[in-house]
Amino acid sequence: MFKIGQLSVFSLLILSFAVLSILVPSGNADGILGTDLATFSVLGASTVTNTGATTLTGDLGVSPGLAITGESTITVNGTNAATSGNPFVQAGDVVSGLAQNQLATAKTELGSLGAGTLLPANLAGLSLTPGIYTVPAGTSNLTGTLTLNGQGNLNAFWVFQMPSTLITSPGSVVNVINTGSGAGVYWNVGSSATLDTTTSFEGNILALTSITLDTGATDQCGRALANTGAVTMDTNTISIGCSNLMGGSAGTGGSGGLGGGLIVPPGGGTPTPLPPVSAPEPGTMLLLGSGLASFACMMRMKR
């Protein structure tokens, strides 16, 4: 049996972990991406086409179309087992159909947030705090590096309303820093999106028509989701797992592919931001551990 001192320590441990579980966000459970859509790293409507060795973390799907060309050179590390064939490829089935419906809904809900702050067509060189932004069409929307700085908020979000196209230049970079597992980045594209060669991108591309990833382009933390057209890939990496969001160039895993930051009211409607949450300082964890150890020692001495 536990003695009083032992029970007190045990109870304090449970209480401490309960408090920490409140401080750390749960991710994307009530996010703007529906539960079926959130499992996909790539979702096309008419077709999905691939050339070269492409790696996906997250499911691959197409609906209402059925064709996935070049599937044999795609490595899919997915989550949502299909009923036949490749276990993480959904082609024209119920799951991919539901995901497409959720994609259309998500685009509408993102649009309901409004225009926000108007930015120049070329985002290169900017460092943006969380918020809602409109980016007009341009020859290129990114010729260099765009930094998205969450300022320590684990639930930070960025919404980019792109009334026309999203186009990046070769070697351009989107770098998300100082945020965490509850964050969200959404590129709400009014027509098509093109990531040029060796672009290093982050965030969820929700395109009305098609998405093209040229040779070597990557989205290390996000999704390529096309609502009515094709997704075309060429030796790419797309992942709903993330690394390095709290630090410099890529931090915290399990972010749900930057699909957080916003919640949708029951039954749909305009999304609202998740409450800001800061990561516990390393010193906080050290003090907690020291306090528990001291308390345990005191209880043993009193027995």
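Residues numbered from 1 in each chain as written. Predicted model: local features only at pLDDT ≥ 70, side-chain atom pairs only at ≥ 80, totals over all residues. Heavy atoms only, no water.

(A) View of the overall build of the protein. Secondary structure assignment for the protein yields three helices and 23 strands. Going through the 303 residues of the protein one by one, you find that 47% of them count as buried. Entry remark: accessible area of the protein is about 12700 Å², with carbon and sulfur atoms responsible for 64%. (Helix = DSSP H or I, 4+ residues; strand = E, 2+ residues; numbered from the N terminus. Buried < 20%, exposed > 50% of the residue type's maximum accessible area, 1.4 Å probe, protein only. Areas by Shrake-Rupley, 256 points an atom, 1.4 Å probe, with all protein chains shown as cover.)

(B) Region of interest: the nonpolar core. If you look at the biggest cluster of nonpolar residues, it comprises 44 residues, and the most contacted ones within it are Phe-160 and Trp-187. Other than its neighbours up to four places away in sequence, Trp-187 contacts Leu-123, Leu-146, Phe-160, Met-162, Leu-166, Val-174, Phe-201, Glu-202, Gly-203, Asn-204, Ile-205 and Leu-206. Judged by nonpolar contacts, the second largest core, of 18 residues, contains Ala-99, Ala-106, Ile-132 and Leu-206. (Core = buried A, V, L, I, M, F, W, Y, C linked by side-chain atoms within 4.5 Å. Contact = heavy atoms within 4.5 Å.)

(C) Expanded view of helix α2 (residues 94–111). The end-to-end C-alpha separation of α2 is 26 Å, in line with the 26 Å expected for 18 residues at 1.5 Å each. Along α2, the residues that are buried comprise Ser-96, Ala-99, Gln-100, Leu-103, Ala-106, Lys-107, Glu-109 and Leu-110. (Expected span 1.5 Å × (residues − 1).)

(D) How the structure looks around the side chain of Thr-179. Summarising the element assignment, Thr-179 is placed in the loop between β14 (173–177) and β15 (184–189). Relative accessible area serves as the criterion here: at 0%, Thr-179 is assigned to the buried category.

(E) Expanded view of the environment of Gly-241. Inspection of the secondary structure puts Gly-241 in the loop between β21 (237–239) and β22 (262–263). Remark: the alpha-carbon pair of Gly-241 and Gln-220, spanning 21 residues in sequence, is separated by 7.4 Å. Dropping the residues within four chain positions of it, Gly-241 is found in contact with Thr-57, Gln-220 and Cys-221.

(F) Molecular detail of the pairing of strand β2 (residues 47–51). Burial along β2 is one-sided: the face carrying Val-48 and Asn-50 is buried and the face carrying Thr-47, Thr-49 and Thr-51 is not. The pairing of β2 with strand β5 (residues 67–69) spans three bridges and is classified as parallel. If you follow Thr-49 over to β5, its bridge partner there is Thr-69. (Pairing = 2+ DSSP bridges.)

(G) Inspection of the state of the cysteines at higher detail. All chains considered together, the criterion is met by one disulfide. Disulfide pairing places Cys-221 opposite Cys-242 at an S-S distance of 1.6 Å. A torsion of 80° about the S-S bond marks the disulfide between Cys-221 and Cys-242 as right-handed. Highlighted residues: Cys-221 in strand β19 (residues 218–226) and Cys-242 in the loop between β21 and β22, separated in sequence by 21 residues. In terms of burial, Cys-221 and Cys-242 fall into one category: buried. (Disulfide = S-S within 2.5 Å.)

(H) Region of the structure containing the packing of aromatic side chains. Overall, the coordinates contain three aromatic pairs when judged by the stated rule. Between the aromatic rings of Tyr-133 and Phe-160, the centroid separation amounts to 5.7 Å while the plane-to-plane angle is 20°, which identifies the pairing as stacked. A residue pair is termed long-range when its members are at least 10 positions apart, and Tyr-133 in strand β10 (residues 131–134) and Phe-160 in strand β12 (residues 157–162) qualify at 27 residues. Neither residue differs from the other here; Tyr-133 and Phe-160 are each classed as buried. Their ring planes at 45° and their centres at 5.0 Å tell us that Trp-187 and Phe-201 sit as a pair that is tilted. Linking Trp-187 in strand β15 with Phe-201 in strand β17 (residues 200–207), this pair joins segments that are 14 residues apart in sequence. The same class applies to Trp-187 as to Phe-201, namely buried. (Phe/Tyr/Trp six-rings, centres within 6.5 Å; stacked < 30°, edge-to-face > 60°.)

(I) View of the sheet that holds strand β13 (residues 166–167). Reading across from one edge, β5-β2-β20-β18-β16-β13 is the order of the six strands in this open sheet, with parallel pairing throughout. Of all strands in the sheet, those with a lone pairing partner are β5 and β13, marking the two edges.

(J) Local environment of the environment of Ala-230. Inspection of the secondary structure puts Ala-230 in the loop between β19 and β20 (231–234). Ala-230 gets classed as buried once you look at its relative accessible area, which sits at 16%. Beyond its immediate sequence surroundings of up to four residues, Ala-230 is in contact with Ser-46, Thr-47, Thr-209, Ser-210 and Ile-211.

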